[in-house]
Each structure stands twice: as structure tokens, then as C-alpha cells.
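# Secondary and tertiary structure notes
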Amino acid sequence: MSEERQTETPAERLGPLEQQVMDLLWDHSGHTVREVMDQLPSRPAYTTIATVMGNLERKALVTPTREGRSVRYLPQRTREEHTAGLMRQALGVSRDRTASILHFVDTMPEDERDLLRTYLENSQD
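What counts as what
- Residues numbered from 1 in each chain as written.
- Predicted model: local features only at pLDDT ≥ 70, side-chain atom pairs only at ≥ 80, totals over all residues.
- Heavy atoms only, no water.
- Helix = DSSP H or I, 4+ residues; strand = E, 2+ residues; numbered from the N terminus.
- Rg over C-alpha atoms; globule rule 2.2 N^0.38 Å.
- Contact = heavy atoms within 4.5 Å.
- Areas by Shrake-Rupley, 256 points an atom, 1.4 Å probe, with all protein chains shown as cover.
- Lys, Arg positive; Asp, Glu negative; His and termini not counted.
- Charge placed at Lys NZ, Arg CZ, Asp CG, Glu CD.
- Core = buried A, V, L, I, M, F, W, Y, C linked by side-chain atoms within 4.5 Å.
- Buried < 20%, exposed > 50% of the residue type's maximum accessible area, 1.4 Å probe, protein only.

## Looking at the overall build of the chain
Secondary structure assignment for the chain yields 7 helices and 3 strands. A globule of 125 residues ought to have a C-alpha radius of gyration of about 14 Å, yet the chain, at 18 Å, is considerably larger. In terms of principal-axis extent, the alpha carbons of the chain reach across some 50 × 30 × 30 Å. When contacts within the chain are restricted to residue pairs at least 6 apart in sequence, long-range pairs at least 24 apart make up 50% of them. Carbon and sulfur atoms provide 51% of the accessible area of the chain, an area that totals close to 8800 Å². Across the chain, the mean location of the 16 positive side-chain charges is 9 Å away from that of the 21 negative side-chain charges.

Take a look at the structure:
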């Protein structure tokens, strides 16, 4: 693992509304507060989404970019990078990292184990 990867910002667990907002941002490469409000089924208040965006910015998940009178929030990392960070954190608190990894692999569907096997074989080249 590269030195850069080991020092990256830790992934933060997301609350349900934060997860919904991040899913929208990941799926559409960024949104304004108003655009997020319009796409959420619960129709939260503007201030609620603005607060969520501020929280996501503090968690280093979004970057605000000014566009005229609006602010567009762009994801700082991909969904996959965030998920990988959560997985690293979970392994980091395990008392037996090897057992945790092996148990995780044992619970994977066969097609995902095949994908992992192929990846590991090709990454040794």
C-alpha cells in the first residue's frame, strides 16, 4: 500500500440523510442545495440540506464551488474510495485482521471471489 493511501483522510460513516445526499452527488457529479432538495423524496428544508452539506464538507467528502449566486457541491472522493476507506477502518479495529479478512472473503458470493482471485493474480505482474 502506498504511503499516500495510508495518510488519506479517514472515511466517515454517514447518517441516512447524508448517505442519500452523497448518493445524489456521486450519481450526478455534484449539485446545489436546491437541486438536492428537489430530488429527495422527503422534501427536507433548505436549511437542513445546507447543514448536511456543511457536515459533509467538514468530513472532507464534498467541495463547494461557487457558480454565480449558487454553490455547487462536488464529491471529493468516489463512492468506491469512500467504501474502501470504511473497509480499512473496520479492519483497523479488528483484533485479528487476518481472521476478519478471511471471514469476509468466505462470505462473498462465488462470482465476487472469482473477481478477487483474478485481480490478485493480475496484480502480481
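On we go.
## Focus on the nonpolar core
In terms of nonpolar packing, the biggest core is built from 17 residues, with Val21, Met22, Leu25, Val36, Ile49, Met53 and Leu56 touching the most fellow members. Of all the secondary-structure elements, those providing two or more residues to this core are α2 (16-28), α3 (33-39) and α4 (46-58). If you tally residues by element for this core, the top one is α2, at 5 residues. Residues contacting isoleucine 49, with those up to four places away along its chain left out, are Leu17, Val21, Val33, Val36, Met37, Leu40 and Pro44.

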